[in-house]
Amino acid sequence: MDFVQLIISGLANGCVYGLIALGFVLIYKATEAVNFAQGDFMMLGAFVCIGFTNHEYMGLNFWLAVPLSILVMGAFGYLFNWGILRHMFGQSQTSIVILTIAMGFIIRFAAGAIWSHEPTSLETPYAGQDIRSGGLVLGVDEVLIVIVTAALTLAFFLFFSRTRVGLAMQAASQNQLAAYYMGIPVKRIHSLVWGLSGMVAAVAGVLFASKGAIDPSTGLLGIKAFAAAAIGGFGSLPGALLGGLIIGLVEPLASRYGPPGVSQIAPYAILLLILIFRPGGIFSQTQRKKV
Amino acid sequence: MRFVFKTSYDTDIRLFKHRAQATWYALLLLLVLATPLYFVAIGDAYLLGEITGVLILAIAGMGLMLLTGHTGLPSLGHATFMALGCYLNINFLGAGVPWLIAFPLSGLIAGVLGTMIALPVLRLHGVYLALATLAMSILTGDFVVIAEPWTGGIAGAAVPDINIFGIEINRYSTPYKFYYLVLFVAILLVWFYRNLLRTPTGRSFTAIRDSEISARAMGINLTRTKATSFFLSATAAGLAGALFGHSAGYVTNETFDLVMSITLLLMIVIGGLGFIHGAFFGAIVVGIIPVAIANGRSFLATTFDVNINVPGLESALFALILVGFILFEPMGLYGRWLKIRTYFELFPFYRKDMFKRQKSYLKTDRVQ
């Protein structure tokens, strides 16, 4: 029973990593840019929701606050691309990597200045409630995380493969110039996908903050989610989720059964091993450029 | 206006473009050689220690510049190579190896180990290299703790003094000697770097940065060239790490953390990606910012009675400067200087778009 309990809390954690990873992969799939600030987006989304919900701030109803904060983060993502990244269009990937790292620092600072560096948790109507069945005690928050993550991943998978906008996004990343010729508004598509990934970040943030306290440095969790995305294969949506789950499961198991200190190293050690032996990740999507 | 008539292909790759340039660099050399005299005169070597620190950062910056600025591969893990160089140096010195052998050896071993880690990832897109080095950088602190017998773990390790043929060099007791030592290493590396860029190897680095596909079409072995670049880069970082250890005197598991790796990257961007000068300019900025913030704080506190004590202000300010540079001056400080100089050299024929870079349209290398 103990083991199953461990697995389930690991799954819930893994889903949060998976959701953050989903945010990067969305952006990477459509724009070929890597957002190193995705973890900070998640943190910001959580704090926006806390600002709407918690009684010491605005004290809105939780079910009203969640869509509101998702909208706010969507707008934030859209404007982030429109205001900053669009000026980088056509520049090297390296500068975009550095730019997003720097933005992460700024977001972390801003969140600390607005909401303080104290760990805060989100006041949810389902806090502390359990589902009990056959000796298992499942927190409602954990179950909700798993369901929402699975639904979102499926929705985005279908979105990319079935809808016109999704196809336009794929086209925009496969060959920007050709996409332009086909009449795809590449820059607007980029802003749109940044908005989407802001929304996913908000969802991840809300789910994470309902499970435990967060503070501005929680954004560094993004690095673990990065490992998740790379383990799954950068650019693959189910891969992002799978990578997140692997890391989420390995962490509690390593800290329970492994020697001390291993649980912090394990995710990155897996990442390095994957990069060395199967460089493209589990669902590898890369091929070597041929001349 | 100056006209440089090119009468042979060698003119293009000469170390100095014309006599005036050589004169300026000779003057600069004299200046840096004479700097300690000023501190001898005022009898306080504190600032000289800071200048030495900037030089050490610049050495590490040159290493990263070769990789990121000239080969176009981002690395978020150069602090790891600094840590490798530093701890190897400590252990060699502890085992009784003379400094003159231990120092270059630790740099070389750091380079070899770094290349071994990076080799599999070098075949892939640059983003994967950023990721792998990021993971490496996060693990560094943990590995230092695990390898306690060699590194001292959390308690840290003291760095022995340098001894070259009986001359004892220590950062605090003999700051002038230490300055000259670091300066010598820095100049040696600049000389090496400058010459490297004139060789076929160095030029193939730049070719890879500008277009992997064209580079390959020209017959450049991508993986081998990238690995060479990585090796040289990690070696320079290892040497800088060894010197950093001597300058800090004491290193723990928290010395070479992720923030240091990122600082190095930010440094070369602010200085100017793709220019050796950029590493030095960036190091100067990184050296000045904390001092400027501390001074600004005490100025506000004494003059306006305003106390600003927000955690993370320093890194946020740093990040803000960086974002400003990337958006408005992607060529960095050195690029700005280059533009100003060209403006006056060509006066009145400077055009606004002279330094405009050609935009490229992205293509994915994924199969979908």
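One numbering rule holds for all chains: residues counted from 1, following each sequence as written. For this description, chains carry letters from A and ligands carry numbers from 1, given in the order in which they are written. pLDDT decides what is reported in this predicted model: residues at 70 or higher carry local features, side-chain atom pairs at 80 or more are listed and counted, and totals for whole chains, interfaces and linings draw on all residues regardless. Note that water and hydrogens are dropped before the side-chain values are worked out from all heavy atoms of the structure.

Visitor: What am I meant to see in the overall build of chain A here?
Guide: For chain A, the helix and strand inventory stands at 11 helices and two strands. Here a helix means four or more residues in a row that DSSP labels H or I, a strand means two or more in a row labelled E, and each is numbered from the N terminus. When the helices and strands of chain A are listed from N to C terminus, the series reads α-α-α-α-β-β-α-α-α-α-α-α-α. Relative to the globule expectation of 19 Å for 291 residues, the C-alpha radius of gyration of chain A, 19 Å, shows essentially globular dimensions. Its C-alpha atoms put chain A at 60 × 45 × 35 Å along the principal axes. For the radius of gyration, the atoms used are the C-alpha atoms, and the globule rule reads 2.2 Å times the number of residues raised to 0.38.

Visitor: What's the story with helix H5 (residues 126–146) of chain B in this structure? I'm lost.
Guide: An α-helix turns once every 3.6 residues. As a result, residues three or four positions apart point the same way. All names here are of chain B. An ideal rise of 1.5 Å per residue puts 30 Å on 21 residues; H5 measures up with 30 Å between its terminal C-alpha atoms. What the bend at a residue measures is the angle between two axes, fitted to the seven residues ending there and to the seven starting there. At Thr-140, H5 shows its maximal kink, close to 40°. With 16 of 21 residues buried, H5 is to be regarded as a mostly interior element. Given the number of residues in a helix, its expected span is that number minus one, multiplied by 1.5 Å. Each residue is assigned to one of three classes by its accessible area relative to the maximum for its type, calculated with a 1.4 Å probe on protein chains only: buried under 20%, partly exposed between the two thresholds, exposed over 50%.

Visitor: Honestly, the side chain of Ser-204 of chain B in this entry has me stumped. Any pointers?
Guide: Residue and element names in this part refer to chain B. In this fold, Ser-204 is placed in helix H8 (residues 200–210). Its relative accessible area of 10% is what places Ser-204 among the buried residues. Between N or O atoms, a polar contact is any pair within 3.5 Å; within protein, one atom must be a potential hydrogen donor and the other a potential acceptor, and residues adjacent in sequence are included only when both atoms are from side chains. Engagement of the side chain of Ser-204 in a polar contact is seen with the backbone oxygen of Thr-201, the distance being 2.6 Å. Excluding anything up to four places from it in sequence, Ser-204 contacts Ile-220 and Thr-225. Pairs of residues are marked as contacts when any of their non-hydrogen atoms sit within 4.5 Å.

Visitor: Can you help me understand empty space enclosed by the protein in this one?
Guide: Empty space among the atoms becomes visible once a probe the size of a water molecule is rolled across them. Residue and element names in this part refer to chain B. Residues are said to line a cavity or pocket when one of their atoms sits within 4 Å of a point; the points come from a 1 Å grid over protein atoms alone, cavities being sets where a 1.4 Å probe fits but cannot get out and pockets being open sets with protein on both sides within 12 Å along at least five of seven lines. Grid points are joined across faces, edges and corners, and a volume is the space filled by probe spheres set on the points. Tallied over the entire structure, the rule returns three cavities of 30 Å³ or more. Counting residues per element, the lining of the second largest cavity draws most heavily on helix H2 (residues 46–70), which supplies three residues. Note on residue classes: Ala, Val, Leu, Ile, Met, Phe, Trp, Tyr, Cys and Pro are nonpolar, Asp, Glu, Lys and Arg are charged, and everything else, Gly too, is polar. Among the residues making up the lining of the second largest cavity, the classes are represented as two nonpolar, four polar and one charged.

Visitor: Explain the pairing of strand S1 (residues 130–133) of chain A to me, please; I cannot follow it from the model alone.
Guide: Looking along a regular strand, one sees side chains alternate from face to face of the sheet. Residue and element names in this part refer to chain A. Taken together, the four bridges between S1 and strand S2 (residues 136–139) define a ladder with antiparallel strand orientation. Bridge pairing in S2 places Ser-133 opposite Leu-136. Linking S1 to S2, which pair antiparallel, is a turn of two residues; within it Gly-134 sits at a positive phi near 55°. Two strands qualify as a pair provided DSSP detects at least 2 bridges between them.

Visitor: Whenever I open this one, helix H4 (residues 99–122) of chain B confuses me. Can you help?
Guide: Over its 24 residues, H4 of chain B extends 33 Å from the first C-alpha to the last, a length consistent with the 34 Å expected when each residue adds 1.5 Å. Met-116 of chain B marks the point of greatest bend in H4 of chain B, at about 30°, and the proline Pro-120 of chain B comes within the next four residues.

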